[in-house]
Amino acid sequence: MTHMALEMSESLEERCNRILRDMEGSLTARDRVGIQDFVLLDAYTSESAVLDNLRKRFNENLIYTYIGTLLVSVNPYKELGIYTKKQMDIYMGVNFFELPPHIYALADNVYRTMLTETNNHFILISGESGAGKTEASKKILQFYAVSCPSTKLLDNVRDRLLLSNPVLEAFGNAKTLKNDNSSRFGKYMDIQFDHMGGAVGGHILSYLLEKSRVVHQNHGERSFHIFYQLVEGGEEDLLRWLGLERNCQRYSYLVQVGEGECAKVSSVNDKSDWKTVRKALSVIEFSESNIESLFAIIASVLHLGNVTFVADSQGYATLNNSPEIHWLSKLLGIPAQVIQVGLTHRKIEARSEEVLSPFTVDQAVYAKDALAKAIYGRTFTWLVNELNESLANKDSSRKTVIGLLDIYGFEVFSVNSFEQFCINYCNEKLQQLFIQLTLKSEQEEYEMEGIEWESVPYFNNKIICDLVEEKFKGIISVLDEECLRPGEATDMTFLEKLEEKMGGHPHFVTHKLADQKTRKTLERGDFRLLHYAGEVTYSVVGFLDKNNDLLYRNIKEVMRQSKNAIVKHCFPSTEPDSKKRPETVATQFKSSLVGLTEILMSKEPWYVRCMKPNEGKQPGLFDDVLVRHQVKYLGLMEHLRVRRAGFAYRRRYEIFLQRYKPLCPDTWPNWKGTAAEGVECLVKHLGYKPDEYKMGRTKIFIRHPRTLFATEDAFEVCKHELATRIQAKYKGYRVKGDYMRQRQAATKIETCWRGMKARREREKRAWAVKVIKRFIKGFMTRNQPACVDNTEYLAFVRQNYLTRLKENLPKTVVDKNTWLTPPPIMQEASQMLRKLYTRHMVRRYVQGIMTERKAQLQIKGLTSSIFKGTKENYPHSVGIPFVDTRISEEDIHIKVYQMIRQERIKYSVPVVKYDRNGFRPRFRQLIYTGSAAYLVEEAKIKQRVEFNNLKGVSVSTLSDNFLILHVQCEDIKQKGDLVLQCDYLFEALTKLCLVANKHNFIKVVQGSVKFDIQPGREGFVDFKSGQETMIYRAKNGHLMVESTRTKSRAMIQN
Ligand SMILES: Nc1ncnc2c1ncn2[C@@H]1O[C@H](COP(=O)(O)OP(=O)(O)O)[C@@H](O)[C@H]1O
Ligand SMILES: [Mg+2]
């Protein structure tokens, strides 16, 4: 911003200097591509500057440059791809100066102006042959064909307008040395538009067709395209009907004298062009009979060309009854005889009589050629009329028109003849028109804008126009006079007359009139005109003949008899006959130009100046000399000078302000007041000096281009800054927008998410309340029979209990304490489960144990079944494993061993035996065999008790180790019951049970045990528990066994 303000405060000059430094890039670009409008060229009077600019642009393929609204076009001789539909679209309806110069811009501008101002316009396209005039006019036509509104009806007109071109070109164009498709006539075409801008019709005017080409072409040139098209492309039937051969070489009019060959044109395809023309003719709605007549004429001209004469004995021309005459007769519908006479005689009037005077061969050839030219020329005129009929707008409501003038430019050859004279005269007239129109419009504009008219020096060529065309005094008058006057008039007498009449005219010189120096450059038969575009020296040779364009009366009469509709039409009987001479060519041309000038004067002019960059039709080659020549001859400098008279640049205030308003802080971004005030403020700020500009009513006028350039450059700089600022603003705006959107979106998502979470929470709570309620209810009704209220709770209790139970199961079989207390409803299930689980554990345990341990346990089981819960010290024994025996066989005395070996020793254990009478303790061995228990002392068996005789065994409930074996005792000699003490009481007793196979003979007795000392004599062992273990004989004679209490009663219970 500060930078901007700083910049604003700079003066224009500082600014320019800075720009010169900073903006080298853009200036270099301008240097390279040149400026788009010559009006903005500082050195506008310098031909070289103009040339430089043209060259720069041409080298960049920029073929178009403006001089104001005039378009300069340099023929690129290559396809540039700038005539596409897309290009047309780009240029449609766009301000003229907004886009690079283009023929479409011009066409569009003309069209828009016509529509907005509802007036008539014309586009004058001029330039040397081959400079691109015809192409330009076609481009314009094509642009309108695409850009104009389209309806079925309009499309029809459009097609005809477009197709009139190939037809006209076939008949009016030819290959010349300069251009393979050179138009040999001047053409003015009106395109008529309705108020909506639709093309509704057209009209063509043609000027000065170069008829001489029919009978003669220069080396390397051709006759009109149609001849070759017909011969090359015509269908077999057609050629047969016309009596033609498919061979151009056969026709002497198509073959240059002395060469016997036709010129080749690689860029022209006669065959396909023939098809185009044929098609065009039908679209334009030529009747079939007319088309036939037309081709009959073309063929006739070719046949006529082949007609030869021979001199008879008197030197008069005679005709053999040649096939040509036959074909001519057939095609033109005239008796052969009549033709024959017509071609070899002329009618002369001798007093009231008419006599036929025979021709010499030369005269006959001349007359024949004249006839060929006349037929072709008139047919061409007829063709244009036909086209006009087809293009005519049938609706008579008011129309506006755009005229396209595709006319020959200034021509200067080494030898210039009558044609060049006419053409250059035409260009003088057009230049005159240009000056009048441009100056007029300039002046009008100044007046309109309220700006003082400053007259500017420019060359007015009226003096040259007068020199040529003035009545009685002009060159044309002199020429006509010579042509008409009786007596021997020749080209040279014509020249003398000119010298006589024009002598002293500043723009006219001849050999005779010239000073010493100039004379050297002139031949005797030359006259020189100092045209506005430069000097041209004309050779008078042929002027009279060409101006006369004589066609003998009788041959016209012959033609009048023709059955060919077109010929008949072209040689009407109403044609004034020889008594009144027809107008000369020059006069005709002069009148037609007057007519043209009138047509053009009533319209708004637009100009296209075409140039050729080189003579070789070469792309990319810029011949400075040639272009400089054209710059001059096309009057570009004149035009530029007139256009630059006063002010180089002018623009409507609105447009100027719109473009440059960023350059002043007061006008940017918007100016509140009128556009004019805004511009005033703007230019003040930019530091324009008072004489550098003028303020008109609607426009600002800037005198020098450099002022504008400085402004434009400043704008260029400013544009970048503005663009950056606008870009930044816009980006900021966009990003902010994005951010806001994102934030909104985020908030929205958040809200939704929160809402969803809250809803879930609420649902969860509601659910929880329900669950808790149910739970409480269930809890309260848990003891009632199953009902709705408690099922769930109970199920939960059950499940809960089961899961907890699962985690708190007893780990081992012997763990009898661990079992989760069941809730009331699970009592039964718990019991069942406990049983099941215990069983399961047992099974698992059992499955897991070894056979030995199994056996051990089985024995232990037996022990348990006997002593569990009965004998106090039993629990202590549970952990001590039983062994096979406590005394190994080696420790049994051999004698004893040998005695009882056959009974098989099953188990031995050391015991203490208490005597039955005195209760003296004695260490003994107790040995079980398969059938008996032995009490052994060393080598002596003290007592043998047969298992059969073992009545029972008694033990106390206390924790002593006493056992009393009750023996069946019938025999008095036998010893009585045994009172033993054994450290392995439970093992010994269990083994006894097993060995003796007696399971319930062990009695656990409380208090005292009665035993037989010997049959019939009883003893007692009393058991009691005391402080310490004591065994003694009590006073009552009983054996008293006192044993300590085992501490854990609980163990015993379990
Ligand atoms: N704008 C153009 N782009 C490309 N080639 C062109 C252009 N104008 C003319 N030419 C070439 O130049 C030749 C001669 O152009 P034409 O319009 O017939 O010249 P003129 O009518 O001025 O005698 C064309 O046949 C074409 O090859
Ligand atoms: Mg042309």
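Before any of the text, the structure's been laid out above.
Just so we're clear, the structure is a prediction, and the values are computed from it rather than from any experiment.

**Q** What exactly am I supposed to notice about the overall build of the protein chain here?
**A** Scanning the protein chain from N- to C-terminus turns up 36 helices and 31 strands. Over its C-alpha atoms, taken along the principal directions, the protein chain stretches across nearly 220 × 85 × 65 Å. Across the 1054 residues that make up the protein chain, the buried fraction comes to 50%. As displayed, the protein chain has an accessible area near 52800 Å², and 53% of this comes from carbon and sulfur atoms. Charge centroids of the protein chain, computed over 152 positive and 128 negative side chains, lie 17 Å from each other.

**Q** When you look at the packing of helix α8 (residues 152-172) against helix α15 (residues 361-391) in this model, what are you seeing that I'm missing?
**A** Packed helix pairs are specified by the crossing angle of their axes together with the interaxial distance, meaning the distance between the axes. Running from N to C, α8 and α15 point in directions that differ by 180 degrees, and their axes come no closer than 11 Å. Comparing the axis directions of α8 and α15 gives the class roughly antiparallel. Side by side, α8 and α15 meet where Arg160, Leu161, Ser164, Val167, Leu168, Ala170, Phe171 and Gly172 of the first sit next to Tyr376, Phe380, Leu383, Val384, Leu387, Ser390 and Leu391 of the second. Its residues assigned to classes, the contact of α8 with α15 shows 11 nonpolar, 3 polar and 1 charged.

**Q** Looking at this structure, I do not really get the sheet that holds strand β15 (residues 534-539). What am I missing?
**A** By definition, the strands of a sheet pair up through backbone hydrogen bonds, in either a parallel or an antiparallel sense. Pairing within the open sheet is antiparallel, and its 3 strands lie in the order β13-β14-β15. A single partner strand is all that each edge strand has here, and the edge strands are β13 (508-510) and β15. The average angle at which neighbouring strand axes cross in this sheet is 25 degrees, direction not considered.

**Q** I keep staring at the pairing of strand β11 (residues 353-358) and nothing clicks. Help me out?
**A** Note on strand geometry: in a regular strand, side chains alternate between the two faces of the sheet. Relative to β11, strand β10 (residues 345-350) is paired through 6 bridges, and the arrangement is antiparallel. Note on β11: the bridge partner recorded for alanine 350 is glutamate 353. Following β10, the chain reverses through 2 residues before pairing antiparallel with β11; arginine 351 in that reversal takes a positive phi of roughly 50 degrees.

**Q** So what exactly am I meant to see when it comes to the site of ligand 1 here?
**A** Around ligand 1, 15 residues are found, and the nearest of them are Asn75, Gly130, Lys133, Thr134 and Glu135. Coverage of ligand 1 by the protein chains reaches 84% of its 550 Å² of free accessible surface.

**Q** Quick question: what am I supposed to make of the coordination of the magnesium ion (ligand 2) here?
**A** Between any two of four tetrahedral donors, the ideal angle at the metal is 109.5 degrees; between two of six octahedral donors, it is 90 or 180 degrees. Taken together, Thr134 (OG1) and Ser183 (OG) make up the full set of protein donors to the magnesium ion (ligand 2), lying 1.9 to 2.2 Å away. With threonine 134 in helix α7 (residues 133-147) and serine 183 in strand β5 (residues 182-183), this pair connects stretches of sequence that are 49 residues apart. Note on accessibility: threonine 134 and serine 183 belong to one class, buried.

The rules we used
- Residues numbered from 1 in each chain as written.
- Chains lettered and ligands numbered in written order.
- Predicted model: local features only at pLDDT ≥ 70, side-chain atom pairs only at ≥ 80, totals over all residues.
- Heavy atoms only, no water.
- Helix = DSSP H or I, 4+ residues; strand = E, 2+ residues; numbered from the N terminus.
- Buried < 20%, exposed > 50% of the residue type's maximum accessible area, 1.4 Å probe, protein only.
- Areas by Shrake-Rupley, 256 points an atom, 1.4 Å probe, with all protein chains shown as cover.
- Lys, Arg positive; Asp, Glu negative; His and termini not counted.
- Charge placed at Lys NZ, Arg CZ, Asp CG, Glu CD.
- Axes fitted to C-alpha atoms, helices over the stretch in contact; angles between N-to-C directions.
- Parallel < 35°, antiparallel > 145°, perpendicular 65-115°, else oblique.
- Contact = heavy atoms within 4.5 Å.
- Nonpolar A, V, L, I, M, F, W, Y, C, P; charged D, E, K, R; others polar.
- Pairing = 2+ DSSP bridges.
- Near = heavy atom within 4 Å.
- Donors = N, O, S within 2.8 Å, 3.2 Å for Na, K, Ca; no water.

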